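Residue strings, one per chain:
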Amino acid sequence: MKNLLSDAELLARLVGFDTTSHNSNLPIAEFIADYLDGPGVEIELHCSPDGQKANLIATVGSQREGHDTRRGLVLSGHMDVVPAVEEGWESDPFTLTKRDESYVGRGSCDMKGFLALAINAARSLEPDRLAHPLVLILTYDEEVGLLGAKHFAETWPDAASLPRNAIIGEPTSLEVIRMHKGYIHARIGLTGKAAHSGYPHLGENAIEPAGRVIMALSELRDHLERERPAHCEHFPEVPYVALNVAQVNGGVAVNVVPDRCILEVGMRSLPEMESTSLVQRMRDAIAGALGEKPFMFEVVNDSPPMLLDEEAEIHKVLCAEVSQHESLSASYATDAGWFQTIGLDCAIFGPGSISVAHKPNESMPIPDFVRAAELLRKSIRHFCLTTD
């Protein structure tokens, strides 16, 4: 077994892996597996369909005979990071740098800081002393559509034996979030016929009908903004399904009648909303705008929303630890949406602020980092060391 690194040393090692989505995450997964390997620890790499990436599942200890088989704790985070190509970086994004009272580097906040703490917490345990297991689920490609969590939820054979209580370590400034919105990414394709723009009667413009589609989707957006679904009161800034026409791509040159146009559209659903009805409303709006003209419609990604019962044990325990007395929400999607579908009670909770994620000079406040380590140890003692 390798020597135990300090939390900061481990964070530096993790930040040093460039795990943006165009790269394989196998090098960091294999490093973590090697670091955690030891007696009483079961480690499995759960590979993506193409074998280029993997989730890492590490189980420390096992359920003792006669105990509740869903006791224990899951700690989960994603290994991938967004690209670090923005202007404004004052240091190498993939070299952890201490600046004032923060650690700076890509992923320091979102979310390798939590990963370092979770991994070291697991590494520091004596498996034989655990009454219930600690399970790490570290995922790939969260940033490009929660792909690792989706693959895990749909294919992991032992989901029913996982501990029920889970912490998803997104940067929440150590506040406990018990619900978040889902995300639907739809792609709409229109085709025409290319021709020289001097002879437009020989072609068919694919971009012009896209204008009608955009207007129809804008009208749908206006309707959605006037609606108030269940749980909207917990999302005071945007208490409705948000619809965004995000990209329009078509044509090859000014002197060519465009023969194609692709629109990329996003929708953010509230907890307990079924995506199928929202997708159908989008399709109906598009069909109404185009009449008999055919179109391509594809749901590229459908990430479910998440809702944790306010009385769930993980929510009550974490809120008590940080003296929080209110229910909080997030308008972004996380792996918790998929984990909820396999019976996990997920709380979103971690060090660092989402406000600095995905930005140059991403940073982790050192006091947050230190405090989070203490809070994770307390949570592990509560869920893994105490008897039923």
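Just above sits the structure.
Residues numbered from 1 in each chain as written. Predicted model: local features only at pLDDT ≥ 70, side-chain atom pairs only at ≥ 80, totals over all residues. Heavy atoms only, no water.

1. Things to note about the overall build of the protein
Across its full length, the protein carries 9 helices and 18 strands. The principal-axis extent of the C-alpha atoms belonging to the protein is close to 80 × 45 × 40 Å. Sorting the 388 residues of the protein into buried and exposed places 53% on the buried side. Sequence-distant contacts in the protein: of pairs separated by 6 or more residues, those separated by 24 or more amount to 80%. On the protein, roughly 17,100 Å² of surface is accessible, and the fraction owed to carbon and sulfur atoms is 50%. (Helix = DSSP H or I, 4+ residues; strand = E, 2+ residues; numbered from the N terminus. Buried < 20%, exposed > 50% of the residue type's maximum accessible area, 1.4 Å probe, protein only. Contact = heavy atoms within 4.5 Å. Areas by Shrake-Rupley, 256 points an atom, 1.4 Å probe, with all protein chains shown as cover.)

2. Considerations on unusual backbone geometry
For the bond from Asp-110 to Met-111, the omega torsion is -5°, close enough to zero to count as cis. Non-glycine residue His-231 carries a positive phi angle of around 75°. Locating His-231 in the fold gives a position in the loop between α5 (207–226) and β11 (242–250). Residue Ser-323 is not a glycine yet carries a positive backbone phi of 55°. Relative to the helices and strands, Ser-323 resides in the loop between α7 (313–322) and β16 (328–330).

3. Re the sheet that holds strand β14 (residues 296–303)
In space, the 4 strands of this open sheet follow the order β11-β13-β9-β14, with antiparallel pairing throughout. Across the chains shown, the open sheet's two edge strands, defined by having one partner strand only, are β11 and β14. For this sheet, the mean inter-axis angle between neighbouring strands, taken without regard to orientation, is 15°. (Pairing = 2+ DSSP bridges. Axes fitted to C-alpha atoms, helices over the stretch in contact; angles between N-to-C directions.)

4. Concerning the sheet that holds strand β18 (residues 363–365)
Each strand in a sheet pairs with its neighbour through backbone hydrogen bonds, running either in the same direction (parallel) or in the opposite one (antiparallel). In space, the 3 strands of this open sheet follow the order β4-β5-β18, with antiparallel pairing throughout. A single partner strand is all that each edge strand has here, and the edge strands are β4 (97–99) and β18. Pairs of neighbouring strands in the sheet enclose a mean axial angle of 30°, with direction left out of account. Of the strand pairs in this sheet, strand β5 (residues 102–104) and β18 are connected by 3 bridges, and their pairing is antiparallel. Looking across to β18, one finds that Ser-102 is bridged to Pro-365. Contacts from helix α9 (residues 366–385) reach β4, β5 and β18 within the one sheet, and its direction differs from that of β18 by about 65°.

5. Quick look at the packing of α7 against α9
The N-to-C vectors of α7 and α9 enclose an angle of 135°; their axes lie 11 Å apart at closest approach. The angle between α7 and α9 falls in the class oblique. Of the two possible hands of crossing, α7 and α9 adopt the one that is right-handed. Each of Glu-313, Ile-314, Val-317, Leu-318, Glu-321 and Val-322 in α7 lies in contact with α9, whose residues at this interface are Arg-371, Leu-375, Lys-378, Ser-379, His-382 and Phe-383. Looking at the contact of α7 with α9, its residues break down into 6 nonpolar, 2 polar and 4 charged. (Parallel < 35°, antiparallel > 145°, perpendicular 65-115°, else oblique. Left-handed = near helix turned anticlockwise from the far one by under 90°. Nonpolar A, V, L, I, M, F, W, Y, C, P; charged D, E, K, R; others polar.)

6. Quick notes on the environment of Ser-363
By the element assignment, Ser-363 lies in strand β18. Classification of Ser-363 as buried rests on a relative accessible area of 16%. Along the sequence, Ser-363 and Val-257 sit 106 residues apart, while their C-alpha atoms lie 48 Å from each other. Every residue in contact with Ser-363, bar those within four places of it in the chain, is listed here: Ser-102, Tyr-103, Val-104, Ser-108, Cys-109 and Val-356.

7. Some thoughts on the environment of His-234
Structurally, the position occupied by His-234 is in the loop between α5 and β11. A relative accessible area of 23% means that His-234 is categorised as partly exposed. Along the primary structure His-234 and Leu-73 are separated by 161 residues, whereas in three dimensions their C-alpha atoms are 27 Å apart.

8. Remarks on helix α4 (residues 147–155)
Residues of α4 that are buried: Gly-148, Ala-149, His-151, Phe-152 and Ala-153. Against the buried residues of α4 lie β1 (41–47), β2 (54–60), β6 (134–139) and α8 (336–340).

9. Some details on the pattern of salt bridges
A complete count under the given rule lists 14 salt bridges for this structure. Notably, a salt bridge pairs Arg-71 with Glu-313, separated by 2.8 Å at the nearest N-O pair. In this pair, Arg-71 is assigned in the loop between β2 and β3 (73–78) and Glu-313 in helix α7, connecting sequence segments 242 residues apart. The class for Arg-71 is buried, based on a relative accessible area of 13%. Residue Glu-313 is classed as partly exposed on the basis of its relative accessible area of 30%. (Salt bridge = Lys/Arg side-chain N within 4 Å of Asp/Glu carboxyl O.)

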